[in-house]
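Analysis of the macromolecular model
These are the residues of each chain, in order.
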Amino acid sequence: MRSITLIFAACVLFCLNSFGQDFKKLSNSEVDKTTVKTAQDFASNFMNKLKNGKPYIFQDEAIDVMKNQLTEENQKMVYQQLKTQFGDFVSLEYTETWVKDNSKSIQIIRLKSVFEKSNKKLEIRVALNDSGKIVGFWIKPWSDMLS
Amino acid sequence: MRSSNFYNPFNQVAGFKSLILGLIGLLIVTYLAFITGTHFNGLLNIDFAKDSDYWVFITESFSNWILISAFFYISGLVLSKSKLRVIDILGTTLLSRIPLIIAPVIRIIPFFQSFMVLSWQMYFVYGFYLISLVWTIILLFNAFKISCNLKNERLIISFTICVILSEICTKLIIKLLI
């Protein structure tokens, strides 16, 4: 019986070590408020501009790849798809921050957003690099499991 | 307490008593599911998202219960020679869902509230969910067997069909309502 317990404990420890995590969720005290505000302002302005039928004009808050991908046509298309499925954008709120490899080289800011026709909140995810520029932007159904 | 009570308590608890106990259990499970964002969006499904209001979780829990009970009742009417009591089917089916409390209880622990896909937390919660699901299915099977008084192939085949149909219908209804 004792040896079975030991083998079981070893298996559990092995499993815990095997699933190494690239990302870590920051506690509230560890979160950089400036980064959160940057992400929140960007996401809010972006969504509100599109809601009002205008495109979002990038300044120097994002890297060039992002600016090139989110062209006026792409922005319109994305918002139209969201509007058809979930209705107009209403609001967003900050939820949590994740960092890659504990280093804060990439910070992922997760925001919960409300859309008019949807009973479920959607995730607006903004990724920022260490110089505070936006390197990623996603809108997807909210999940407590970060993928 | 006899060990058989863990997988078949329905010889001792049935009728109105099981309905009341089951309702209390369902409300506790639903409340814990709500505060931890654990969706039971299908008879056999689980999803983790703190993304909706309380009524969404209530709808999920109730549609699961009502649909499987309805399919059990219809099967009983068609296949059983005994007189069926709706209250027995509703109560025992409801009581069978109590083991599902395990996953929301684990998710109260801060470690398990938000985690990465393929992390050890995910496997841990899914592992315990699987155990609670097997336990729930065994209880459902015994609930169906006792409340509809079915045996052998009739019991096994009709139970399997009921579970499959209620899984499909629950998914459809939840999608329609939510």
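Up top is the structure.
I will try to describe carefully the structure that is included in this document. (Residues numbered from 1 in each chain as written. Chains lettered and ligands numbered in written order. Predicted model: local features only at pLDDT ≥ 70, side-chain atom pairs only at ≥ 80, totals over all residues.)

Okay, the interface of chain B and chain A next. Taken together, the contact between chain B and chain A spans 18 residues of the former and 16 residues of the latter. Of all elements in the fold, only β3 (115-116) and α5 (120-148) of chain B reach the threshold of two or more residues within the side of chain B that touches chain A. Among the elements that line the side of chain B that touches chain A, the one with the most residues is α5(B), at 3 residues. Its residues assigned to classes, the side of chain B that touches chain A shows 11 nonpolar, 5 polar and 2 charged. One ladder, built from 2 bridges, connects strand β6 (residues 145-146) of chain A with β3(B); its direction is parallel. Following the sheet pairing, A:Met145 is matched in β3(B) by B:Phe115. (Contact = placed C-beta atoms within 7 Å. Helix = DSSP H or I, 4+ residues; strand = E, 2+ residues; numbered from the N terminus. Nonpolar A, V, L, I, M, F, W, Y, C, P; charged D, E, K, R; others polar. Pairing = 2+ DSSP bridges.)

This next bit is on the nonpolar core. Formed by 35 residues in total, the largest nonpolar core has its most connected members in B:Ile68, B:Phe72, B:Leu94 and B:Phe144. Elements with a minimum of two residues in this core: α1 (15-36), α2 (54-79), α3 (86-96), α5 and α6 (152-177) of chain B. Ranked by size, the runner-up nonpolar core spans 24 residues in total, among them A:Leu50, A:Ile109, A:Phe115 and A:Ile124. (Core = buried A, V, L, I, M, F, W, Y, C linked by C-beta atoms within 7 Å. Buried ≥ 20, exposed ≤ 12 C-beta atoms within 10 Å, placed from the backbone.)

Below, the discussion takes up helix α2 (residues 33-51) of chain A. All names here are of chain A. Between its terminal C-alpha atoms α2 stretches 26 Å, which fits the 27 Å expected from 19 residues at 1.5 Å a residue. Along α2, the residues that are buried comprise Ala-39, Phe-42, Ala-43, Phe-46, Met-47 and Leu-50. One face of α2 carries all of its buried residues, which in axial projection span an arc of 115°. Exposed side of α2, more than 90 degrees from the buried face: Lys-33, Thr-34, Lys-37 and Asp-41 are the residues found there. Close packing links the buried residues of α2 with α4 (72-86), β2 (89-100), β3 (106-115), β4 (122-129) and β5 (134-141). (Expected span 1.5 Å × (residues − 1). Arc of directions from axis to C-beta.)

This brings us to the pairing of β5(A). Across 7 bridges, β4(A) lies against β5(A) in antiparallel orientation. Note on β5(A): the bridge partner recorded for A:Ile124 is A:Ile139.

All names here are of chain A. Here β3 pairs with β4 via 8 bridges, running antiparallel. Pairing of Lys-112 across the sheet is with Glu-123, part of β4. Where β4 folds back onto β5 in an antiparallel hairpin, the turn is made up of 4 residues, including Gly-132, whose phi is positive at roughly 80°.

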